[in-house]
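One-letter residues, chain by chain:
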Amino acid sequence: MLKGCLRLYFIQENGTGQIIQFGIENWWLTDQQSLDWQQPSHFYLQAVEATGLAVLNRTTTDVLFDQIPCLDRYFRVIAQRAFAASQQHRYFVQNLSGEERYHQFARSFPDFIQRIPQYMVASFLGFTPEFISKIRRRK
C-alpha cells in the first residue's frame with residue numbers, strides 16, 4: 001500500500017463484518033490462500049481512508065521473482081511477519097480479557113487508535129464499540 005489504510009474482513013452468518021487485518025502505508029495485504037490456490041477469496045478489502053495501492057497479481061509476482069531473486073526473499077519475510085502477527089493476535093484474543101486486548105493494541109499501535117473508527121477497532125479485537133466506550137470512560 002502506498003498510502004492510506006485498508007481493512008481485510010469477512011461477513012459472518014449474522015451479516016456483520018469481522019475484521020481480521022489492517023494495512024497501512026508500506027504494508028502488504030492479501031488473502032494468501034486465494035492467491036496461492038488461485039481461487040475466489042472469502043475475504044473483502046475495503047479502504048478505511050483515501051488509499052493508493054500497488055496491485056500485483058500472481059503472474060506478475062512470479063515473473064518478478066524470477067527476474068529479481070531478492071524480491072522473493074523480501075516477500076517471504078513479509079509473509080513470515082504477517083503470519084507471526086496473526087499468531088500473536090490469535091493468542092491475545094484467546095488469552096487476554098477484552099480490556100487487556102484493547103490496551104495492548106493501543107500501546108502497540110497508537111496511530112491506529114486515532115486513524116481507525118472505533119467500531120472497526122472493536123471488530124478487530126472481538127468486541128463491541130460500546131465496550132471500548134466503557135474502557136475509555138474508566139480512564
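Residues numbered from 1 in each chain as written. Predicted model: local features only at pLDDT ≥ 70, side-chain atom pairs only at ≥ 80, totals over all residues. Heavy atoms only, no water.

**Q** When you look at the nonpolar core in this model, what are you seeing that I'm missing?
**A** Most often, soluble globular proteins have nonpolar side chains that are buried together. Core analysis: the biggest nonpolar cluster contains 18 residues, and Phe22, Tyr102, Phe105, Ile116, Val121 and Leu125 have the highest contact counts within it. Among the elements of the structure, strand S1 (5-11), strand S2 (17-24), helix H4 (98-108), helix H5 (110-115), helix H6 (118-125) and helix H7 (129-138) are those that each provide at least two residues to this core. Here this core takes five residues from H6, the largest share from any one element. Non-local contacts of Tyr102, meaning those with residues more than four positions away in its chain, are made with Ile113, Val121, Leu125, Phe127, Ile132, Ile135 and Arg136. (Core = buried A, V, L, I, M, F, W, Y, C linked by side-chain atoms within 4.5 Å. Buried < 20%, exposed > 50% of the residue type's maximum accessible area, 1.4 Å probe, protein only. Helix = DSSP H or I, 4+ residues; strand = E, 2+ residues; numbered from the N terminus. Contact = heavy atoms within 4.5 Å.)

**Q** Looking at this structure, how should I read the packing of aromatic side chains?
**A** For any two aromatic rings, the description comes down to two numbers: the centre-to-centre distance and the angle of the planes. Under the counting rule described, the total for this entry stands at 14 aromatic pairs. Judged by centre distance (5.9 Å) and plane angle (50°), the ring pair of Phe105 and Phe112 falls under tilted. Residue class for Phe105 comes out buried when judged on its relative accessible area of 6%. Joined through ring pairs, the aromatic side chains of Phe22, Trp27, Phe105, Phe109, Phe112 and Phe124 make up one cluster. Across the ring face of Tyr9, the terminal group of Arg7 is positioned such that the distance to the ring centre comes to 4.0 Å. (Phe/Tyr/Trp six-rings, centres within 6.5 Å; stacked < 30°, edge-to-face > 60°. Lys NZ or Arg CZ within 6 Å of the ring centre and 35° of its normal.)

**Q** Whenever I open this one, the pattern of salt bridges confuses me. Can you help?
**A** Side-chain pairs of opposite charge can arise whenever the charged atoms involved come near each other. Enumeration over the complete set of coordinates arrives at five salt bridges. The partner of Glu25 in a salt bridge is Arg115, and the shortest N-O contact between them spans 2.9 Å. With a gap of 90 residues between them, Glu25 in the loop between S2 and helix H1 (32-37) and Arg115 in helix H5 connect regions that are remote in the sequence. Residue classification places Glu25 among the partly exposed positions, given a relative accessible area of 27%. One salt bridge in this structure joins Arg58 and Asp62, with 3.4 Å as the shortest N-O distance. In this pair, Arg58 and Asp62 both sit in helix H2 (residues 58-67), four residues apart, roughly one turn of the helix. Relative accessible area serves as the criterion here: at 26%, Arg58 is assigned to the partly exposed category. Residue classification places Asp62 among the partly exposed positions, given a relative accessible area of 35%. Several salt bridges converge on common partners, so that one network encompasses Glu25, Glu49 and Arg115. (Salt bridge = Lys/Arg side-chain N within 4 Å of Asp/Glu carboxyl O.)

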